[in-house]
Amino acid sequence: VSTQSTGGVVENGGRINKIGTYPVAVMARSLNKPFYVAVESFKFYRNYPLSQLDLPNDARYEDPEEKNHPEVDFTPPKYINKLFTDLGVLTPSAVSDELMKLYI
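These numbers come from a predicted model, not from an experiment.

Asks: Quick rundown of a nonpolar patch on the surface? Include the residues and the values.
Replies: A cluster of nonpolar residues, Met-100, Leu-102, Tyr-103 and Ile-104, forms a patch on the protein surface that exposes about 510 Å² of accessible area. If you trace the backbone, Leu-102 turns up in helix α2 (residues 94–103).

The following block contains the structure:
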């Protein structure tokens, strides 16, 4: 079992956090272990990246040797079992519903 805090959760239920957290989720899934995320609801973002390449440019820093090196990585929702939030325990797909409640 792996539980981690996060920098943010996007509309599709994916997670954005400092670089290196995505491999932990991949490893947990390959070992058939659940991967949980602890996050406050104010960290839900109306952003919809589908992969690491879809992250905004402000999530990257310029490295003279390696251009556009990411500061954060994106963990797709398929690797996340549950999110523990101040709103209760949610599935990744429920993040979109909670965002709609806030903005509609």
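Resuming the write-up.
Asks: Can you explain the pairing of strand β8 (residues 72–75)? Please cite residues and give values.
Replies: Burial along β8 is two-sided: Val-72 and Phe-74 and Asp-73 and Thr-75, pointing in opposite directions, are all buried. Two strands pair when backbone bridges link them, and strand β3 (residues 15–18) and β8 are joined in this way by 4 bridges, in the antiparallel orientation. From the neighbouring strand, Asn-17 faces β8, where its bridge partner is Asp-73.

Asks: Tell me about the pairing of strand β9 (residues 82–85), residues and numbers included.
Replies: Judged by which residues are buried, β9 turns out to be one-sided: Leu-83 and Thr-85 face inward and are buried, whereas Lys-82 and Phe-84, on the alternate face, are not. Sheet topology note: the strand β4 (residues 35–38)/β9 ladder contains 3 bridges and is parallel. Bridge assignment links Ala-38 to a residue of β9, and that residue is Phe-84. Direction of pairing for β9 relative to strand β10 (residues 88–90): antiparallel, over a ladder of 3 bridges. Its bridge partner lying in β10, Leu-83 is registered against Leu-90. Here β9 folds back onto β10, and the loop between the two strands holds 2 residues.

Asks: Could you give an account of the sheet that holds strand β2 (residues 8–10), with specific residues and numbers?
Replies: Pairing is mixed across the open sheet formed by 4 strands, whose spatial order is β5-β2-β3-β8. Across the chains shown, the open sheet's two edge strands, defined by having one partner strand only, are β5 (44–45) and β8. Here helix α1 (residues 21–30) sits on the sheet in contact with β3 and β8, set at roughly 30° to β8.

Asks: Requested: an account of the nonpolar core, with residues and values cited.
Replies: Formed by 14 residues in total, the largest nonpolar core has its most connected members in Val-9, Phe-35, Val-37, Val-39, Phe-44, Leu-83 and Val-95. When contributions to this core are tallied by element, the ones reaching two or more residues are α1, β4 and α2. Here this core gets 3 residues from one element, more than from any other, and that element is α2. Discounting residues that sit within four places of it in the chain, Val-39 has contacts with Thr-6, Val-9, Phe-44, Leu-83, Phe-84, Thr-85 and Asp-86.

Conventions and cut-offs
- Numbers given for residues are sequential positions, taken from 1 along each chain in its written order.
- For a predicted model such as this one, the threshold for reporting local features is a pLDDT of at least 70, and the threshold for listing and counting side-chain atom pairs is 80 or more; totals across whole chains, interfaces and linings nevertheless cover every residue.
- With hydrogens and water excluded, all non-hydrogen atoms of the structure serve as input to the side-chain values.
- What makes a patch is a set of residues exposed beyond 30% relative accessible area and free of salt bridges, joined within 9 Å when like-charged and within 5 Å when nonpolar (Val, Leu, Ile, Met, Phe, Trp, Tyr).
- Method for areas: the Shrake-Rupley scheme with a 1.4 Å probe, in which residue coverage is limited to the protein chains shown.
- Within this document, salt bridges are pairs made up of a side-chain nitrogen of Lys or Arg and a carboxyl oxygen of Asp or Glu, the two lying within 4 Å of each other.
- The secondary structure listing takes helices from DSSP runs of H or I that are at least 4 residues long and strands from runs of E that are at least 2 residues long, numbered from the N terminus.
- Throughout this description, buried means an accessible area under 20% of the type-specific maximum (1.4 Å probe, protein chains only), exposed means over 50%, and partly exposed covers the range between.
- Note: two strands are recorded as paired if DSSP finds a minimum of 2 bridges between them.
- The criterion used for residue contact is that any of the two residues' heavy atoms lie within 4.5 Å.
- Simply put, an axis is a line fit to the C-alpha atoms, just over the touching stretch for a helix, and the angle between two N-to-C directions goes from 0 to 180 degrees.
- Residue types Ala, Val, Leu, Ile, Met, Phe, Trp, Tyr and Cys, when buried and joined through side-chain atoms within 4.5 Å, form a set referred to as a nonpolar core.

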